[in-house]
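Each chain, letter by letter, is given below.
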Amino acid sequence: MEHIITPKVEYVKLLDRFTSKKPTLGTLYLTATHLIFVESSSEIRKETWILHHHISTLEKLPLTSAGCPLLIHCKNFRVAHFVITRERDCHDVYSSLLRLSQPVDYEELYAFSYNPKQKEMDRGIGWKMINIREEFQRMGVPNVHWEQTDVNENYEICNTYSSSLYVPREATKPTIVGSSKFRSKGRFPVLSYFFKANNAAICRCSQPLSGFSTRCVEDEQMLQAINSSNPDSSVVYVVDTRPKLNAMANRAAGKGYENEDNYSNIRFQFVGIENIHVMRNSLQKLLEVCELKTPSMSDFLTGLENSGWLRHIKAVMDAGFFISKAVAEENASVLVHCSDGWDRTVQVCSLAGLLLDSYYRTIKGFMVLIEKEWISMGHKFSQRCGHRDSDPKEVSPVFTQFIECIWHLMEQFPCSFEFNETYLLEIHDHIYSCQFGNFIGNSQKERQELKIQERTHSLWPFLLEKQYQYRNPLYKPSAINTVLKPNTAPFNFRFWCGMYNRFDRGMQPKQSVLESLQAAMKQKTELEETVEDLNQKPLHPDESHFTLNLPSKLSNEEHSPQTQDSTEEHKNPLANGMEELVETISDGSEEMENVLDSSLMHQSASNHSDSLTLNKLNAQGDEEHLEICPNKDEK
């Protein structure tokens, strides 16, 4: 709180960049964790909450006749444009937010003060919810070819890897140690995913310190051990995710890539994903296109093409698909690396695993995938996401690109994922929010030193408690063991409006009817639960048998005068930008209980002679009848 100069500013205007409506007038509040804008409308209290850690850039624009503009860009792609009447107030808010959004120490992050009033035992259970060892056991590891090693138990060999790693049984400790000395940052080849259908494996590491001619016998033995661990194939693909020119430039600095003449039975492949600096600039150009107020079609498409963003997304998808295809169709094991093995490598390894394994396409499985590939194996979340005030050149949208690749897969395979778009956006928001400890720090070792598990809470239990919000209504569990084969032709990639424009009031960013279907299914479930509860309740002795029919629309004004007031018109945007008008009940279960209670009173006053008909919404237009008979013999 010591960084807050002015905690409250009145008569602030919030502009909407996509509509010509009058600016919204309200009051701005600064708290220790959030910037809150409360609208002054007397009809309904509307609030806009912006987490300080979500703020990416602040810009105080030149003074105008209306006041002093303050433009806020967020890491989750919200853009807030405020106009503050007094320039002094604007400067105070700007200065406060500048310090609050760029903490210096880890202890200043939200996770260390966030208190959900959870018992200490529950906090510990939450952190143990994801177990990497159990995940490898699910894959069938350890086995005759692969084993767990404690060689990095105290992070002595590689301080950015996990303490628990899996390597070929043939690889001795001297081989592992020698290979680690020949690999950048000591990141020697380790198992990422085991495809037990054919014993093929995906392994990951960093680039070799080969220069133009340097060799390492132990590293060559390590790759031979990976090859020997797959009896069904005589070759190992070595996939360098960098463009060839970048890798050759690294050779001049004493690093580089494997020489096929020195490694027996390998096939080398470049896949050409650009580095973090290119990706950061590409995203910035994309966001500039998103902020165009009234672009022509030509301006928008030209800007989108010039940003190169979708081209980069396609490159990551192509690489992931290449690896999964080599494993599933050629029975070949694959070794993947980039420069240091924690950016492009993790993108394509986790994407390939998801294509091969349907478990990672479930709500819980996707958490396991992120924990296994991203968190435990040293993706530098705090640097890439800019959690603290540090070198801006280390910030890059690596995880954002991975999330977008998953969304593109969901668009191609809408029945193959248990989760929906909201789930992806929720996880993406919390990567930057620092509300939970999962993504704080740059390695497992660093998190242990910060005592993350003892001092913060895990995101995963929080998401599982709300998993009904993230369920895809089109999901078919029967698609188990199906390997996805996406079409990566250019026409399958499009701008993700739901990510980059979802906070803009003046437009409808949602691109499918799945959310409308999900809302209808949720309401149906609530009504069915209410009916089940009524079945369990004993009737008063003098109450006679009655039948309750529930047709497709819930709007009986005579029996429930509150229904009309509590009904609101909810516009569900369709894929083509049109809006579907749907009547929704603000609180399905509570309203339903009110309706049923008032209906029973009406029936009692009429000597139980009338049957009650209530109308219930069915988003698909067909009617569903449910008959309730409290007397079991008459069911």
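Refer to the structure above for everything that follows.
Computed from a prediction, not measured in an experiment: that's the story for all the values here.

## So, the side chain of Ser184
Then, in step 1: Examined against the element boundaries, Ser184 turns out to sit in the loop between α4 (173-181) and β10 (190-195).
Then, in step 2: Once residues lying within four places of it in the same chain are set aside, the contact partners of Ser184 are Ser206, Gln207, Leu209, Ser339 and Asp340.

## Points about the sheet that holds strand β13 (residues 266-270)
Then, in step 1: Within the open sheet, the 5 strands sit side by side as β10-β11-β14-β12-β13. Their pairing is mixed. Two strands bound the open sheet, and with one partner strand each, they are β10 and β13. Across the sheet, the mean angle from the axis of one strand to that of its neighbour is 20°, orientation sign disregarded.
Then, in step 2: By the bridge criterion, 5 bridges tie β10 to strand β11 (residues 200-204) in an arrangement that is antiparallel. Looking at β11, one finds that Phe194 is bridged to Ala201.

## Let's talk about the pattern of salt bridges
Then, in step 1: Overall, the coordinates contain 28 salt bridges when judged by the stated rule.
Then, in step 2: When the shortest N-O distance is used, the salt bridge between Arg45 and Glu47 registers 2.6 Å.
Then, in step 3: For Arg45, a relative accessible area of 59% translates into the label exposed.
Then, in step 4: One salt bridge connects Arg99 with Glu108, and the closest N-O pair in it is separated by 3.1 Å.
Then, in step 5: Under the relative-accessibility criterion, Arg99 is labelled partly exposed at 26%.
Then, in step 6: Connected through salt bridges with shared partners, the residues Asp343, Lys380, Arg384 and Glu394 form a single ionic network.

## Side note on unusual backbone geometry
Then, in step 1: Geometrically, the link from Val141 to Pro142 is a cis peptide bond, its omega value of 5° lying close to zero.
Then, in step 2: Looking at the element boundaries, Pro142 is found in the loop between α3 (132-139) and β8 (146-149).
Then, in step 3: Even without being glycine, Phe77 reaches a positive phi, approximately 75°.
Then, in step 4: Position of Phe77 relative to the elements: it lies in the loop between β6 (68-74) and β7 (79-84).
Then, in step 5: Of the residues examined, Phe77 reaches a relative accessible area of 8% and is grouped as buried.
Then, in step 6: Phi at Cys434 is positive, roughly 60°, even though this residue is not glycine.
Then, in step 7: Residue class for Cys434 comes out buried when judged on its relative accessible area of 1%.

## Examining the nonpolar core
Then, in step 1: Counting residues in each nonpolar core, the largest one holds 119 residues, and the members touching the most others are Phe188, Phe366, Ile406 and Tyr500.
Then, in step 2: In terms of residues, this core owes the most to one element, helix α9 (residues 309-330), which gives 11 residues.
Then, in step 3: If we skip the residues at most four places from it in the chain, Phe188 touches Val151, Ile157, Tyr161, Leu165, Val167, Ile176, Ser179, Ser180, Arg183, Arg204, Cys205 and Met222.
Then, in step 4: Leu28, Ile55, Cys68 and Ala80 belong to the second-largest nonpolar core, a separate cluster that totals 22 residues.

Cut-off values and rules
Residues numbered from 1 in each chain as written. Predicted model: local features only at pLDDT ≥ 70, side-chain atom pairs only at ≥ 80, totals over all residues. Heavy atoms only, no water. Helix = DSSP H or I, 4+ residues; strand = E, 2+ residues; numbered from the N terminus. Contact = heavy atoms within 4.5 Å. Pairing = 2+ DSSP bridges. Axes fitted to C-alpha atoms, helices over the stretch in contact; angles between N-to-C directions. Salt bridge = Lys/Arg side-chain N within 4 Å of Asp/Glu carboxyl O. Buried < 20%, exposed > 50% of the residue type's maximum accessible area, 1.4 Å probe, protein only. Core = buried A, V, L, I, M, F, W, Y, C linked by side-chain atoms within 4.5 Å.

Purely geometric stuff here, so don't read any function into it on its own.
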